Structure formats: structure tokens, C-alpha cells
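Notes for the structure review
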Amino acid sequence: MIIGVPKESFPGERRVALVPSALPHLAKAGLEVLIQSQAGHDAGYPDEEYKNKGARIAATRGEVFASAEIIAQVLCYGSNDVTGGADIPLMRRGQLLLGFLRPFGTAEVVQEIAAAGVTSFSVELMPRTTRAQSMDALSSMATICGYKAVLIAADLVPRIFPMLTTAAGTITPARVLVIGAGVAGLQAIATARRLGAVVSAYDLRPAAKEQVLSLGGRFVELPIEAQSAQDERGYARAQDEAFYARQRELLGRAVMESDVVISTAVVPGKKAPVLITGEMVRGMAPGSVVVDLAAERGGNCELTRAGEQVVVNGVTVIGRINVASGVPYHASQMYARNLTSFLQLLVKNGQVNLNLQDDIIRETLVTEGGEIVNPRVRQFFSMPELARTE
Ligand code: NAD
């Protein structure tokens, strides 16, 4: 069975879906890799390394799609809304597609993928269970994003992070506030701490407090309590606008006292809550930096513009998107490990086993046989339930 890796086509994307070290593991499952020439180049993996691990190199994207039974991508059509549509005519009915699909994005796009007849799996829908941990691409990319966000801020802020006592006087440490202490937020806390900053963090899930403290951060306690803050999958639940208004009111001081704010607060399938107002930003010291990792989802800061950097009263608000692509070597390595674990479950002895009794396969499957078959996705788009024949 051939697994094809086309070069990523989203503008500026530098990651690749599989790295050479994954190939021996895939070979054991009966999978042979066909990779488009130069697909790994921008991530630091030359064609030669893939060849040395047994891959075949395809000269064109068309050849990859035409020969492979499974297509592995980072940003598939869905999450790649710029150039992803061009892949649809290259796909064949019954072909398997695996990657970031943005299943709660646009109904028409998911419908288009379904209409192409491909059996698609969305890594975003991976259940957050112990068994699926090694396949959790969202966590891998969030880890990279949290780390990189701190470096982006550190590079721009006109101060250094650690406290220094020198012959030229004492330098006070930078104050970093992290809003949203999930996977990305926790990695941001750890990274900022390693650089010597004084770090505070806030999350509406009470469970986050212990994790923040364990990383040496201070937990910002707000005198408000979210209604059932966490769902059964560990994600934050959406709150009403009155709650967010109260959050903004209470977070103001913590934001204005910080040199760097990194915000990561999101709720699956919803627009990100606005937690940082323009007024708060204007209250920060000139030179301060806000890195809004929720920019792609609408932003946690009122002033965020996705993909841009705005400066207001000397404060820079960074709405960079696709941050994980900025660390392509390790982002690709982690992603490839996640895909390989999933493929080892899905493919045995070169045969796909679409075992819908398995929650990992069932929950990540989005389209099959021309239909959107995922109940969560159908419900999200208000589509009627599908009568399923096993
Ligand atoms: P996420 O990316 O969906 O959200 C980021 C963070 O923003 C979350 O911590 C969330 O609580 C927070 N947030 C949302 N709205 C907020 C608001 N109004 N104010 C403040 N904070 C807000 O979350 P995530 O990083 O994917 O992780 C969510 C949870 O899942 C965490 O508890 C994480 O540890 C857990 N998790 C478990 C597994 C596993 O068991 N395999 C894997 C990954 C993550």
C-alpha cells in the first residue's frame, strides 16, 4: 500500500507530513512512501534522506495523488483555504486522506471533500484519551506554538527576560502573563520561565491552577466562576457574554502590569472570546507585546488582525497565524510521529482496517462514500443524522 506525501501548498507553510525517521515504522505496517520531490526541503529533510529510508520520490504532485492509496498532509483542503481546493480534482474515490481538515470550518468545503468520494480523517478530532495521546497532533502543534510565541515576544520586547545583578546595576525580570493555560499556554509558561521571566497565568478551568503552579507560574485568581468550566473531553466550555465582560473587567490590571501577554484562550468550534480590550492594550507600557495565538480563531485581543502585527501606543499586538510552521523541523517530526501512530492503528499488513468499533478511527473519520459521516460534524452543521449501515 502506498502512502503519498505531497509538498504542502499553503503559502509560507514549511512543515511536511512525514519525516524520514517515520518510514521504517510505516514499512512494518506494509506502507511504502511516495513523496513529492522537495516536500521536506523547507523543514530540513532533503529528498536524499527519504530515499535512504526507502521512499520513492515523485516529480509532481499529480503523480503522488495518482499513485497513492493514502494521502498524508499537514494542511489539507479545509485548513488550507488558499490553495487546498486545487487538490480536489487530483483525488480519487476511495482514496484516504489524513491531516488537518478544519472539520468545523465551512460546511461547503467539508461537503466538497465528501463529494470527491475520499475517506478523510481529521487529526483535529482525535479523542483526548491516553490511548490516542501519541496521535494527538493538536497537542504537538500547540506545544510548538506556545514555545515559539515566547521567543517571538522576547525578540521584540525592548527588555531582557531574566533578572540580572551586574556591575551596571540590577535589571528586573520581564513580567509575562499567559491567558489560557492549555497545552500551548503551559508550554509558553515553561519557556518564559526558562528565560527567567516572572510568569502569571489565568485559565477559567480550575484544574489548570495546579499545572501553572507546577511550572513555577503564579495563578491569577479572578473572583468569578465559570459555569461547568470544562467538558468531558477536558476542553473549556463556552460562557455567555456577561461572563466574558466580567473577565475583561477583572483581567485589566494583570494585562496592564505585564510586559508580554500571550493569549491562547479558545473553545472548540467557537470564535475565540475577546478577553483583552483596546483600552487594556493602551494601558500597557510602550514596547510591550501581545502575542495572540487565538488570532486564527478571531483573536483574544480586540486589536488583533490575523496574520498581521499592529502597533498601538507603542504596544505591538501580534496576530501571526500558522505559528507552528515557524519551527518546521520539530513540528514535522512531532506531526509525523502522530500520523505514524494513527496509521499503525489503521493499516495492518498493508490493508486498511476501517474498524468503526475503535473510537479513534470512528471519531476522526469525517467523510466516506460521498457523505459527511461524522455525527459531531453533522450536528455542528445542523445536518440530519445519517442512518448508518455498518
Ligand atoms: P484549547 O486549545 O482548546 O484552549 C486553550 C486554553 O484556553 C484551555 O486551557 C482553555 O481552558 C482556555 N480557555 C478557554 N476559554 C477561556 C477563557 N474565557 N478564559 C481563560 N481561559 C480560557 O485547549 P487545549 O490546550 O487543547 O487543552 C484543553 C485541556 O485538554 C487541557 O486540560 C489539557 O491538559 C487537556 N488535554 C488532555 C489530553 C489527553 O488527555 N490526552 C491531551 C491534550 C490536552
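Residues numbered from 1 in each chain as written. Predicted model: local features only at pLDDT ≥ 70, side-chain atom pairs only at ≥ 80, totals over all residues. Heavy atoms only, no water.

**A word on the site of the ligand**
Formally: Distances are taken per atom, and a residue is near a molecule or strand as soon as one of its heavy atoms is within 4 Å of it. Pairing of N or O atoms within 3.5 Å defines a polar contact, subject to two protein rules: one partner must be a possible hydrogen donor and the other a possible acceptor, and residues neighboring in sequence count only if both atoms are side-chain atoms. Per-residue and other accessible areas follow the Shrake-Rupley method at a 1.4 Å probe size, with only the shown protein chains counted as cover for residues. Just so you know the grouping, Ala, Val, Leu, Ile, Met, Phe, Trp, Tyr, Cys and Pro go in nonpolar, Asp, Glu, Lys and Arg go in charged, and all remaining residues, Gly too, go in polar.
Taken together, 24 residues sit near the ligand, with Arg-128, Ser-139, Val-183, Asp-203 and Arg-205 positioned nearest. Between the ligand and Arg-128 there is a distance of 2.5 Å, counted from an oxygen atom to a side-chain nitrogen or oxygen. Between the ligand and Val-183, the relevant distance is 2.6 Å, taken from an oxygen atom to a main-chain nitrogen or oxygen of the residue. For the ligand, whose accessible area on its own is 830 Å², the fraction buried by protein is 85%. Here the residues of the shell around the ligand are counted per class, giving 12 nonpolar, 8 polar and 4 charged.

**Brief notes about helix H4 (residues 107–115)**
In an α-helix, one turn spans 3.6 residues, which is why side chains three or four residues apart end up on the same side. Stated precisely, the cut-off is as follows: The cut-offs for exposure are 20% and 50% of the maximum accessible area for each residue type, with area from a 1.4 Å probe on protein chains only; residues under the lower value are buried, those over the upper are exposed, and the others partly exposed. Comment: elements are numbered from the N terminus, with helices defined as DSSP H or I runs of at least four residues and strands as E runs of at least two. Comment: arc refers to directions from the helix axis out to C-beta atoms. Note on definitions: a residue-residue contact is assigned when non-hydrogen atoms from the two residues lie within 4.5 Å.
Taken residue by residue, H4 has Val-109, Val-110, Ile-113 and Ala-114 as its buried positions. Buried residues of H4 fall within an arc of 145° about the axis and therefore sit on the same side. Of the surrounding elements, those touching the buried residues of H4 are strand E5 (96–100), strand E6 (119–122), strand E18 (365–368), strand E19 (371–372) and helix H12 (375–380). Remark: Gly-117 follows H4 within two positions and exhibits a positive phi of approximately 80°.

**Topic: the domain arrangement of the protein chain**
Quick note on the threshold: Here the limits of each domain have been adopted from an automatic or database domain assignment. Defined here as a combined quantity, buried area equals the accessible surface (1.4 Å probe) lost by two parts on assembly, summed across both.
You can read the domains of the protein chain as domain 1 (2–125 + 331–380) and domain 2 (141–321). On a C-alpha basis, the centres of domain 1 and domain 2 stand 33 Å from each other. Contact with domain 1, which involves 9 residues of that partner, is made by 6 residues of domain 2. Together domain 1 and domain 2 conceal approximately 630 Å² of surface at their shared face, both sides included; 69% is due to carbon and sulfur atoms.

**With respect to the packing of helix H5 (residues 137–156) against helix H10 (residues 328–346)**
Counted only if it meets this: Lines fitted to C-alpha atoms define the axes here, with helix axes fitted over just the stretch in contact, and angles between the N-to-C directions of these axes take values from 0 to 180 degrees. Just so you know how the angles are binned, under 35 degrees is roughly parallel, over 145 roughly antiparallel, 65 to 115 roughly perpendicular, and the rest oblique. Left-handed describes a crossing whose near helix is turned anticlockwise from the far helix through less than a right angle; right-handed describes the clockwise counterpart.
Packing of H5 against H10 brings their axes to within 9 Å, and their N-to-C directions diverge by 165°. Accordingly, the angle class assigned to the pair H5 and H10 is roughly antiparallel. Viewed along their axes, H5 and H10 form a crossing whose handedness is right-handed. Only His-330, Ala-331, Met-334, Tyr-335 and Asn-338 of H10 make contact with H5, whose side of the interface consists of Ala-137, Ser-140, Met-141, Thr-143 and Ile-144.

**Points about unusual backbone geometry**
Not every positive phi belongs to a glycine, and Arg-102 is a case in point at roughly 45°. Within the secondary structure, Arg-102 is located in the loop between E5 and H4. Taking the relative accessible area as the measure of exposure, Arg-102 reaches 33% and is therefore partly exposed.

**A closer look at the packing of aromatic side chains**
Short version of the rule: Pairing of aromatic side chains requires ring centres within 6.5 Å, counting the rings of Phe and Tyr and the six-membered ring of Trp. Pairs whose planes differ by under 30 degrees are stacked, by over 60 edge-to-face, and all others tilted.
Within this structure, the stated rule accounts for 7 aromatic pairs. The interplanar angle of 20° and the centroid separation of 5.7 Å between the aromatic rings of Phe-100 and Tyr-335 together place this pair among those described as stacked. Of this pair, Phe-100 sits in strand E5 while Tyr-335 sits in helix H10, placing them 235 residues apart in sequence. Tyr-335 gets classed as buried once you look at its relative accessible area, which sits at 0%. Between Phe-121 and Phe-342 the ring centres are 5.4 Å apart and the planes differ by 65°, which places this aromatic pair in the edge-to-face class. A residue pair is termed long-range when its members are at least 10 positions apart, and Phe-121 in strand E6 and Phe-342 in helix H10 qualify at 221 residues. The exposure class assigned to Phe-121 is buried, which follows from its relative accessible area of 1%. Exposure remark for Phe-342: the relative accessible area of 1% places this residue in the buried category. A network of ring pairs unites the aromatic residues Phe-104, Phe-380 and Phe-381 as a single cluster.

**As for the pairing of E18**
Stated precisely, the cut-off is as follows: In this analysis, strands are considered paired if DSSP registers two or more bridges between them.
Pairing geometry for E6 and E18, over 2 bridges, is antiparallel. Bridging from a neighbouring strand, Phe-121 pairs with Leu-365 of E18. In terms of strand pairing, E18 meets E19 through 2 bridges, oriented antiparallel. Across the sheet, the residue bridging to Glu-368 is Glu-371, located in E19. Connecting E18 to the antiparallel partner E19 that follows it, the hairpin turn spans 2 residues, and Gly-369 within it adopts a positive phi of roughly 55°.

**Examining a nonpolar patch on the surface**
Stated formally: Patch membership is restricted to residues that have no salt bridge and whose relative accessible area is over 30%. Joining uses 9 Å for like charges and 5 Å for the nonpolar side chains Val, Leu, Ile, Met, Phe, Trp and Tyr. The term salt bridge refers to a pairing of a side-chain nitrogen on Lys or Arg with a carboxyl oxygen on Asp or Glu at a separation within 4 Å.
Side chains of Tyr-147, Leu-151 and Leu-195 sit close together on the surface and give an oily, nonpolar patch of about 220 Å² of accessible area. Here Leu-151 shows up in helix H5.

**Let's talk about the sheet that holds strand E13 (residues 289–292)**
Across the sheet, which stays open at both edges, the 7 strands sit in the order E11-E10-E9-E12-E13-E15-E14 with mixed pairing between neighbours. Two strands bound the open sheet, and with one partner strand each, they are strand E11 (218–219) and strand E14 (309–312). Note that strand E9 (residues 175–179) and strand E10 (residues 198–202) share 5 bridges and pair parallel. Along E10, the bridge assignment pairs Leu-177 with Ser-200. Packed on one face of the sheet, H5 meets strand E12 (260–263), E13, E14 and strand E15 (315–318) and runs near 155° to E13. Its contacts with the sheet put helix H8 (residues 241–256) on E9, E10 and E12, and the angle it makes with E9 is roughly 170°.

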